[in-house]
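# Notes for the structure review
Okay, here's what each chain looks like letter by letter:
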Amino acid sequence: MISMNKVSKHYGAFQVLTDCTTQVQKGEVIVVCGPSGSGKSTLIKCVNGLEPFQSGEIIVNGVSVGAPATNLSKLRSTVGMVFQNFELFPHMSIIDNLSIAQLKVLGRNQEQAREKGYKLLDRVGLREQAEKYPGQLSGGQQQRVAIARALAMDPICMLFDEPTSALDPEMVNEVLDVMTELAKEGMTMMCVTHEMGFAKRVASRVIFMDQGRIVEDDSKEAFFEHARSERAQQFLAKILHH
Amino acid sequence: MGYSWNWGIFLQPTATGDGTYLGWMFYGFKVTIALSLSAWFIALVLGAVVGILRTVPNKWLSGFATAYVEVFRNIPLLVQLFLWYFVMPELLPENLGNAFKQSNPIVQQFLSSMVCLALFTSARVAEQVRSGINSLPPGQKNAGLAMGFTLSQTYRYVLLPMAVRLIVPPLTSEFLNIFKNSAVCSTIGLLELAAQGRQLVDYTAQPYESFIAVTLAYLLINVVVMFGMRWVEEHVRVPGYIGGK
């Protein structure tokens, strides 16, 4: 589904990503973790071309992301993305947030788009908030809407960029529950997150990054029980201590 | 102080026999409004385009837009007016320049003034538009793109609707400015409100009444603009957002 081969990226002299290589199979849930500044957010933003990269190759569903001829908009419409700060469109009601791209990108009609929107709001338990505006919802609710908005496009895979980092602690679980549900249904997911509980429950594989390199790429059992690199062991010791 | 007030002058017939002095004032009032509104409309359209161009990821387009803004923002309004009125007709292709110079002088003055005010104000509007777009969270653009919108769709559906709402208050002051700046156009002979005030002084020797009337007329225009823009501001407010209900 997603295949990365020796992806490197730099801003000027600063190397952000170095030779990142990994594969994501259909139905896999990959958790990407690592200390801040390790390039994990940049890595998943490369997957749908929001961040350009200078060398290497990323193939998503048979399409090369970096190739100049690639229609990036079309590619992105098939890859759902959820952001740390939700990034709902504040001037639109919740249901319009879910419909707008269906109407303008997929060419669905108003009726289909709203029906799909309501169905997804039901699924994340926010049907009764449909006519409200993003600013009137809590962070947890906004993030669930953001997930529903991405799902409305019927994506072939989902990217999560620290979806719970901007949330108050008591709202983290409502978002993780939605993500867990999604994983159980077989959605292919790549999640940048510090939620190690989620990783242990749901992940198929864990990728650990440090200083722009993929240091570990292993099954979650292998990662949590005997991480090979010293850096990952330190990281885990700090995180799991809590 | 020996000044003899005479508010009756406004109803007196003019020395040239074309109606009353109040009629002169009203004519100037109409010119000021027609000039300012037409220039404002052009300034909004041009300013929006230039402001957007300043934010696009293309150095030629954004460079052009930056140059435009700096040129029109940094030359004094009066100098720009003289350039448009006295110099520009000479630089036009000969037949066009001649057509302009042979047209009704009022049309010449009005067109030069309109273009001058429009371009000067468009540079300022462009700066507001740019700052509106740049003040949005950077993730909004990514969110739009990630949904599969093209860059222009992202501007149209995601960035501009919010940016426009954010800049209503600073645009209000630009809108007020254009009416006030229009007084400069009296220097090329356009008989707008301020010019009529001065003319009234020459003809009636009642400067206080004349300029009080002019002042009130400008105040009236700006009060209407302020309330109009406040109405706009309230009607585009986003529920739950900063400043929203």
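Residues numbered from 1 in each chain as written. Chains lettered and ligands numbered in written order. Predicted model: local features only at pLDDT ≥ 70, side-chain atom pairs only at ≥ 80, totals over all residues. Heavy atoms only, no water.

### Digging into the packing of aromatic side chains
Residues and elements named next belong to chain B. This structure, assessed with the given rule, holds 18 aromatic pairs over all chains. Taken together, a centroid distance of 6.3 Å and an interplanar angle of 20 degrees make the contact between F26 and F29 stacked. Separated by three residues within a single helix, F26 and F29 lie in helix α1 (residues 21–53), roughly one turn from each other. Of the residues examined, F26 reaches a relative accessible area of 47% and is grouped as partly exposed. (Phe/Tyr/Trp six-rings, centres within 6.5 Å; stacked < 30°, edge-to-face > 60°. Helix = DSSP H or I, 4+ residues; strand = E, 2+ residues; numbered from the N terminus. Buried < 20%, exposed > 50% of the residue type's maximum accessible area, 1.4 Å probe, protein only.)

### Some words on helix α7 (residues 151–166) of chain B
The sharpest bend along α7 of chain B measures roughly 50 degrees and falls at L159 of chain B, with the proline P161 of chain B sitting one to four residues further on. Listed in full, the buried residues belonging to α7 of chain B are Q153, T154, Y155, Y157, V158, L159, P161, M162 and A163 of chain B. Residues of α7 of chain B that are buried sit in contact with α3 (94–104) of chain A together with α1, α5 (105–134) and α6 (139–146) of chain B. (Bend = angle between axes of the 7 residues up to and from the residue. Contact = heavy atoms within 4.5 Å.)

### A word on the UniProt feature "domain: ABC transporter" (unreviewed entry) in chain A
The feature "domain: ABC transporter" (unreviewed entry), as given by UniProt, occupies residues 2–236 of chain A in the numbering adopted here. Span residues 2–236 of chain A is 38% helix and 26% strand, its end C-alpha atoms 26 Å apart. (UniProt positions renumbered as here; feature names shortened; annotations may be inferred.)

### Concerning the UniProt feature "domain: ABC transmembrane type-1" (unreviewed entry) in chain B
Per the UniProt annotation, the sites labelled "domain: ABC transmembrane type-1" (unreviewed entry) are residues 29–229 of chain B. Between the first and last C-alpha atoms of residues 29–229 of chain B the distance is 20 Å; the span itself is 84% helix and 0% strand.

### Considering the sheet that holds strand β1 (residues 2–11) of chain A
Residues and elements named next belong to chain A. Spatial strand order, β2-β1-β4-β5: four strands in an open sheet with antiparallel pairing. Pairing within the sheet leaves two strands with one partner each, and these edge strands are β2 (14–24) and β5 (63–64). Looking at chain direction, strand β4 (residues 55–60) and β5 are connected through two bridges and run antiparallel. Bridge pairing links V60 to V63 in β5. (Pairing = 2+ DSSP bridges.)

### With respect to the sheet that holds strand β3 (residues 29–33) of chain A
Residues and elements named next belong to chain A. The sheet built from six strands is open, its strands ordered β6-β7-β8-β3-β9-β10 with mixed pairing. Unpaired on one side and paired on the other, β6 (79–82) and β10 (213–219) mark the two borders of the sheet. The mean inter-strand angle of the sheet, taken between neighbouring strand axes irrespective of direction, is 15 degrees. Pairing of β3 with strand β9 (residues 205–210) involves four bridges; the strand directions are parallel. (Axes fitted to C-alpha atoms, helices over the stretch in contact; angles between N-to-C directions.)

### A look at the pairing of β1 of chain A
Residues and elements named next belong to chain A. Strand direction decides the pairing type here: β1 and β2, joined by seven bridges, are antiparallel. Residue pairing across strands places H10 opposite Q15, the latter belonging to β2. Summarising the sheet, β1 and β4 pair through five bridges and their orientation is antiparallel. Residue pairing in the sheet places S3 in a bridge with I59 of β4.

### Brief notes about the packing of α3 of chain A against helix α4 (residues 110–123) of chain A
Residue and element names in this part refer to chain A. Two elements in contact, α3 and α4, have axes whose closest approach is 9 Å; the angle formed by their N-to-C orientations is 130 degrees. On the basis of the axis angle, α3 is oblique to α4. Between α3 and α4 the crossing geometry is right-handed. Of α4, the residues touching α3 (which contributes I94, I95, D96, L98, S99, Q102 and L103) are Q110, Q112, A113, R114, K116, G117, Y118, L120 and L121. (Parallel < 35°, antiparallel > 145°, perpendicular 65-115°, else oblique. Left-handed = near helix turned anticlockwise from the far one by under 90°.)

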